[in-house]
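# Structural characterization, general
Listed below are the residues making up each chain.
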Amino acid sequence: AWLVLKDTAPVGHFDSAADKDRYMAAYDEAMREMPAPERVLDVRTHYGIVRVYRFAAAEGVQDREPFLLLPGTRSGAPVFAQNMPDLLAQRPVYALDLLGEPGMSVPDRPIDTHADQARWLHEVLLALPEPGFHLLGLSIGGWTAVNLALHEPAKVSSLILVEPVQTFAALSFQAIVRSLPASVSLLPKSWRDDFASWTAGGAPVQDEPVARMIEAAMSTYTMKLPQPTLIRPDRLRDLTMPVLAIIAGDSPMHDSAAAARTARENLRRGTVHVYPGASHAINGEQPHRIAADIADFLAE
């Protein structure tokens with residue numbers, strides 16, 4: 001039975017054509033919440049093709065060094081829909097779908113190590129014309145940004161880490177336990193909705209396009225990526241660029257106080273904000289405050 005059921009695919013994939021269609025419909029619906037991109041790029045890397053969207057900034061700030069947005073796991077670029085207006089008022093924005101995750105990026109070679117994960121992202125940055133980027137990572141996107149900066153820092157001007165996981169504190173036991181059944185596609189959709197609501201502080205998620213996209217991703221896509229390991233404090237001290245860490249005070253994903261303490265003690269050029277009462281869905285809960293703190297951080 002194990003030999004019959006074992007998934008031997010070397011890269012992440014949708015479980016069937018129908019599953020891919022269902023996810024793509026949810027992705028397209030969520031993407032309609034985003035502004036129209038100025039350009040859509042499919043960047044060839046050693047590990048596959050990465051979908052990148054470029055969005056034009058407001059008048060007067062088009063020439064500023066751009067943001068590059070890195071979404072959380074099982075989501076995609078549309079997860080930043082509520083943040084886009086405030087970010088585009090500051091500078092141009094690139095957003096991408098992580099390679100090996102559900103989305104429009106297509107892996108075609110195994111991503112076996114954290115160095116591999118940094119390498120494909122570095123290759124994306126090398127393919128873009130700007131000399132540097134302000135990486136804005138949400139959840140696992142925050143870990144992805146730090147992982148890049150530790151392995152391939154050449155085009156990283158700063159790091160903006162919004163509720164990053166496995167970066168300043170380990171995942172909570174409750175988060176691990178709750179995520180396991182939610183990631184099993186054969187189990188009821190209500191279990192995945194319950195997990196998404198739990199991460200968002202109990203907020204309803206059934207009518208949210210981004211939440212529907214994430215639920216579709218969890219039930220249709222098999223990932224083949226190395227598990228992100230907690231970044232050691234001594235490695236955090238190796239980061240030479242400015243780092244802004246925004247941590248949700250009521251995050252169920254980790255010990256927020258411990259995460260803030262680790263960030264303050266180990267980031268050489270760190271700015272740390274804790275938002276009391278915020279959940280792991282902080283980017284949708286407080287987009288204006290996040291944008292204001294980012295503007296102040298970059299101005300400094």
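Before going into details, it helps to say that this report is about the structure given with it.

## Some thoughts on the overall build of the protein
Regarding its fold elements, the protein presents 12 helices and 11 strands. Counting every position in the protein, which comprises 300 residues, the buried fraction comes to 54%. For the protein, contacts bridging at least 24 residues in sequence account for 77% of all contacts bridging at least 6. Working note: accessible area of the protein is about 13100 Å², and carbon and sulfur atoms make up 54% of it.

## A word on the nonpolar core
Core analysis: the biggest nonpolar cluster contains 46 residues, and Leu68, Leu96, Trp120, Leu135, Leu159, Phe168 and Leu239 have the highest contact counts within it. At 7 residues, the largest contribution of residues to this core is made by helix α5 (residues 140-151). In contact with Leu135, other than residues within four places in its own chain, are Leu68, Leu70, Leu125, Ala145, Leu148, Val156, Ser158, Leu159 and Ile160. By size, the runner-up hydrophobic cluster in this structure holds 39 residues, among which are Met24, Ala26, Ile246 and Ile290.

## Section: the environment of Gln82
Tracing the sequence through the fold places Gln82 in the loop between β4 (67-70) and α3 (84-88). For Gln82, a relative accessible area of 49% corresponds to the partly exposed category. On a C-alpha basis, the gap between Gln82 and Pro35 in space is 10.0 Å, while along the polypeptide they are 47 residues apart.

## Focus on the side chain of Ser75
Relative to the assigned elements, Ser75 resides in the loop between β4 and α3. At 2.6 Å, the side chain of Ser75 forms a polar contact with the backbone oxygen of Gly72. Those residues in contact with Ser75, other than ones at most four positions away along the chain, are Tyr23, Pro102, Met213 and Ile214.

## Examining helix α10 (residues 256-266)
Taken together, the buried positions of α10 are occupied by Ser256, Ala258, Ala259, Ala260, Thr262, Ala263 and Asn266. Along its buried surface, α10 packs onto α9 (233-236), β10 (243-248) and β11 (270-275). Its side-chain oxygen placed 3.2 Å from the backbone nitrogen of Ala257, Asp255 serves as the N-cap of α10.

## Some details on the packing of aromatic side chains
Inspection of the entire model under this criterion finds 5 aromatic pairs. Taken together, a centroid distance of 5.4 Å and an interplanar angle of 40° make the contact between Phe14 and Tyr23 tilted. Neither residue differs from the other here; Phe14 and Tyr23 are each classed as buried. When the ring of Tyr94 is compared with that of Phe133, the centres are 5.7 Å apart and the planes differ by 70°; the resulting orientation is edge-to-face.

## Concerning the environment of Phe80
Summarising the element assignment, Phe80 is placed in the loop between β4 and α3. The exposure class of Phe80 is buried, given its relative accessible area of 1%. Phe80 has contacts with Met34, Leu69, Leu70, Pro71, Leu136, Leu138 and Asn283, leaving out every residue within four places of it along the chain.

## Details of helix α2 (residues 17-31)
The terminal C-alpha atoms of α2 lie 21 Å apart, and with 15 residues this matches the ideal 21 Å at 1.5 Å per residue to within 8%. Burial in α2 covers these residues: Tyr23, Met24, Ala26, Tyr27, Ala30 and Met31. Projected down its long axis, α2 carries its buried residues within an arc of 165°, all on one side. Set apart from the buried face of α2 by more than 90 degrees, the exposed residues are Ala17, Ala18 and Asp21. Contacts from the buried residues of α2 go to β1 (13-14), β3 (48-55) and α8 (209-220).

## Details of unusual backbone geometry
A positive phi angle is found at Arg74, which is not glycine, with a value near 60°. Relative to the assigned elements, Arg74 resides in the loop between β4 and α3. For Arg74, a relative accessible area of 15% gives the class buried. The phi dihedral of Gln166 falls on the positive side, at around 55°, and the residue is not glycine. Turning to its location among the elements, Gln166 is positioned in the loop between β8 (156-162) and α6 (173-182).

Scoring rules and cut-offs
Numbers given to residues run from 1 along each chain, matching the order in which its sequence is written. At least 70 in pLDDT is required for a residue's local features to be given in this predicted model, at least 80 for side-chain atom pairs to be given and counted, and no such filter applies to totals for whole chains, interfaces and linings, which use all residues. Each side-chain value is derived from all of the structure's non-hydrogen atoms; neither hydrogens nor water enter the calculation. Numbering of helices and strands runs from the N terminus; a helix is a DSSP stretch of H or I covering at least four residues, while a strand is a stretch of E covering at least two. Note on exposure labels: buried denotes an accessible area under 20% of the residue type's maximum, exposed denotes more than 50%, and partly exposed covers the range between, all computed with a 1.4 Å probe on protein chains only. Contacts were defined at the residue level, with two residues in contact if any of their heavy atoms lie within 4.5 Å. Method for areas: the Shrake-Rupley scheme with a 1.4 Å probe, in which residue coverage is limited to the protein chains shown. The set of buried Ala, Val, Leu, Ile, Met, Phe, Trp, Tyr and Cys residues whose side-chain atoms join them within 4.5 Å is what this entry labels a nonpolar core. Pairing of N or O atoms within 3.5 Å defines a polar contact, subject to two protein rules: one partner must be a possible hydrogen donor and the other a possible acceptor, and residues neighboring in sequence count only if both atoms are side-chain atoms. Side-chain rings of Phe, Tyr and Trp, where Trp is taken by its six-membered ring, are said to pair if the distance between their centres is within 6.5 Å; with planes under 30 degrees apart they count as stacked, over 60 as edge-to-face, and otherwise as tilted. How far a helix is expected to stretch is found by multiplying one less than its residue total by 1.5 Å. Here the arc refers to the directions that run from the helix axis out to each C-beta atom.

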